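Structural characterization, general
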Amino acid sequence: MPASPPAPRRPELLAPAGSLDMMRTAFAYGADAVYAGQPRYSLRVRNNSFGQLDTLAAGMAEAHAAGKLFYLVANIYPHNAKLRTFEEDMAPVVAMRPDALIMADPGLILMVRERWPELPIHLSVQANTTNHASVRFWQSVGVKRIILSRELSLDEVAEIRDACPDMELEVFVHGALCIAYSGRCLLSGYFNHRDPNQGSCTNSCRWDYKLHEAADNAAGDVQACGGAPIGNPKDAGAVGTATRSALDTAQGLALGGGPRHLGGSKVWLLEEGTRPGELMPIEEDEHGTYILNSKDLRAIEHVQRLVEIGVDSLKIEGRTKSPYYVARAAQGYRRAIDDAVAGRPFDPRLLGELEGLASRGYTDGFYQRHSTPQHQNYLRGHSESGRSLLVGEVVGFDAARGLAEVEVKNGFGVGDRLEFVQPDGNAEAVLARLFSATGETLERVPGSGRRVWLALPAEADPARPCFVARFL
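Report follows, based on the coordinates.

Conventions we followed
Residues numbered from 1 in each chain as written. Predicted model: local features only at pLDDT ≥ 70, side-chain atom pairs only at ≥ 80, totals over all residues. Heavy atoms only, no water. Pairing = 2+ DSSP bridges. Helix = DSSP H or I, 4+ residues; strand = E, 2+ residues; numbered from the N terminus. Contact = heavy atoms within 4.5 Å. Polar contact = N/O pair within 3.5 Å; in protein donor to acceptor, adjacent residues only side chain to side chain. Core = buried A, V, L, I, M, F, W, Y, C linked by side-chain atoms within 4.5 Å. Buried < 20%, exposed > 50% of the residue type's maximum accessible area, 1.4 Å probe, protein only. Axes fitted to C-alpha atoms, helices over the stretch in contact; angles between N-to-C directions. Parallel < 35°, antiparallel > 145°, perpendicular 65-115°, else oblique. Left-handed = near helix turned anticlockwise from the far one by under 90°. Nonpolar A, V, L, I, M, F, W, Y, C, P; charged D, E, K, R; others polar. Salt bridge = Lys/Arg side-chain N within 4 Å of Asp/Glu carboxyl O.

Further remarks concern the pairing of strand β24 (residues 451-454). When strand β18 (residues 403-408) meets β24, the two strands line up antiparallel, connected through four bridges. Of the residues in β24, the one forming a bridge with V406 is V452. Two elements, strand β22 (residues 435-436) and β24, share two bridges in a ladder whose sense is antiparallel. What sits directly across from F435, in β24, is W453.

Written out as structure tokens, the structure reads:
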């Protein structure tokens, strides 16, 4: 009788951590490793408590004591001034023994290889690695792992895996997508003199823009970016806020579909909400348009294929997000990985469970360029079912009363169907009783800034972390 094929290798689940609380949440909900930015040398300056060396040391020590991994990000493309301080600033950090440095700049990589030759280096997605020849080059200079570019399809990832079987590969599966090529964007630097590639992006691609058509639609009638056209523009209507793209950019940039054009070779002008009268020309070609934000990446339905390919690490983006975001995303992808390794089919309910997270709508990015309409309907149907909204976090438990204390994030009330999200599994219950902080009976709590008491379902463990969501 022929031997059964070996079980696929279980990839690492890598989650973001901007604080100790986020790190602990990520580990509790299934992450194998976390990554955190060193503020001066990474693209995460905001919402990052790991800039404090004592906090960073505590995080690494705690992760290692739990048998988990802690990667430190130093992935900027530095100007000369930062080269002069890099080794001195990094020496105490390296002494804490991070499991790897995530880096992009060849100069900084060279400095680390010379000063700390034993320290593992993972090549950042900022380096835009899109082919197996580049993987082999970085392998030749001692890089241990390549974080592949987001612009690759599943077939291209598989081709790189086949050509480079002894190199660790990592891919993003969830989180924000830059409208620029793997984050190499100049918009923020142009508008606010805050360079995205130095870690201070203001997310200019997500601001409020309006769209205008140039008066005579000739490229020669438009001044340089930031100038006004000759003649009066024809207002083509509001583009809308940063939560969506006027052009449905997720598809206009081939994220899940072909490009959408505003019309031939016409010139179109963008007007940002806080800069009235400053009309900026944008151009289009057969690939689409090159400004405005993308939908967020959600590739949980592709985890099984990525496991079969043999990708070593699946990465969640979101170091500036909330602990609930990390909990929900880590829990969902943990289940998807475990199902794939065990040979179980993908559970489409996971799509709906991720809908409650803050996002700009979802796309599976470049992994699968042309989904069939039937498949799109399948994904949409499961995404819309089981949707929930975070309404609170359990912060205490009164065993005598059998009630949990909940810090309220969004409004909810008696009669709502609630989901209690815990590391060991979720429970559901219709809320029957709700009490104020001082014990009065409530019908509803209107919103954040309050604490209330309620009963947990019998399956819930009051000793474990717990977020409370309301089904929509």
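On to the environment of D99. You can see D99 is positioned in the loop between α3 (80-94) and β4 (100-103). Residues D99 and L69 lie 30 residues apart in sequence; the distance between their C-alpha atoms is 6.1 Å. When sequence neighbours within four positions are dropped, the list of residues in contact with D99 reads H64, K68, L69, F70, Y71 and P120. Within polar-contact distance, the side chain of D99 engages the side chain of H64 at 2.7 Å. Within the local environment of D99, its side chain forms a polar contact with the backbone nitrogen of F70, the two atoms lying 2.7 Å apart.

On to the nonpolar core, then. Within the largest apolar cluster, 94 residues are counted, with the highest numbers of intra-cluster contacts made by F70, M90, I146, L148 and V171. The contacts of L148, once residues within four sequence positions are left out, are V125, T129, V135, V157, I160, L169, E170 and V171. Judged by nonpolar contacts, the second largest core, of 17 residues, contains V391, F412, F420 and C466.

Here seven strands make up an open sheet; going across it, the order is β21-β20-β25-β17-β18-β24-β22 and the pairing antiparallel. With one partner strand each, in any of the chains shown, β21 (427-430) and β22 form the two edges of the open sheet. Sheet strands in contact with helix α10 (residues 323-342) are β17 (388-398), β20 (417-421) and β25 (467-471), and its direction is about 75° off that of β25.

Turning our attention to the packing of helix α1 (residues 20-28) against α10. For the pair α1 and α10, interaxial distance at closest approach is 8 Å and the crossing angle is 20°. Taken together, the axis directions place α1 and α10 in an arrangement best described as roughly parallel. For the crossing formed where α1 meets α10, the hand is right-handed. Residue-level contacts link D21, M22, T25 and A26 of α1 to P323, V326, A327 and A330 of α10. Of the residues in the contact of α1 with α10, the class split is six nonpolar, one polar and one charged.

Turning to the packing of α1 against helix α2 (residues 53-65), a few remarks are in order. Two elements in contact, α1 and α2, have axes separated by 10 Å at closest approach and are oriented at 15°. If you check the angle between α1 and α2, you find them roughly parallel. Crossing of α1 against α2: the hand is right-handed. Across the interface between the two elements, L20, M23, R24 and F27 from α1 touch T55, A58, G59, E62 and A63 from α2. A breakdown of the residues in the contact of α1 with α2 according to their chemical character gives five nonpolar, two polar and two charged.

In this section: the side chain of S153. Structurally, the position occupied by S153 is in the loop between β6 (145-147) and α6 (154-163). Once residues within four sequence positions are removed from consideration, S153 is found in contact with F366 and Y367.

Turning our attention to the pattern of salt bridges. In the structure shown here, the tally under the stated rule is 27 salt bridges. Taking the shortest distance from any N to any O, the salt bridge between E168 and K144 comes out at 3.9 Å. Placement of E168 in strand β7 (residues 168-175) and of K144 in the loop between α5 (132-140) and β6 is noted, with a sequence separation of 24 residues between them. With relative accessibility at 22%, the residue E168 sits in the partly exposed group. Residue class for K144 comes out partly exposed when judged on its relative accessible area of 41%. Here D155 ties to R305 by a salt bridge, and the two come within 3.1 Å at their closest N and O atoms. Here D155, found in helix α6, pairs with R305, found in helix α9 (residues 303-309); they are 150 residues apart in sequence, far enough to count as distant. You can call D155 exposed: its relative accessible area is 54%. Connected through shared salt-bridge partners, E12, K144, R145, E168, E170 and K315 make up one network.

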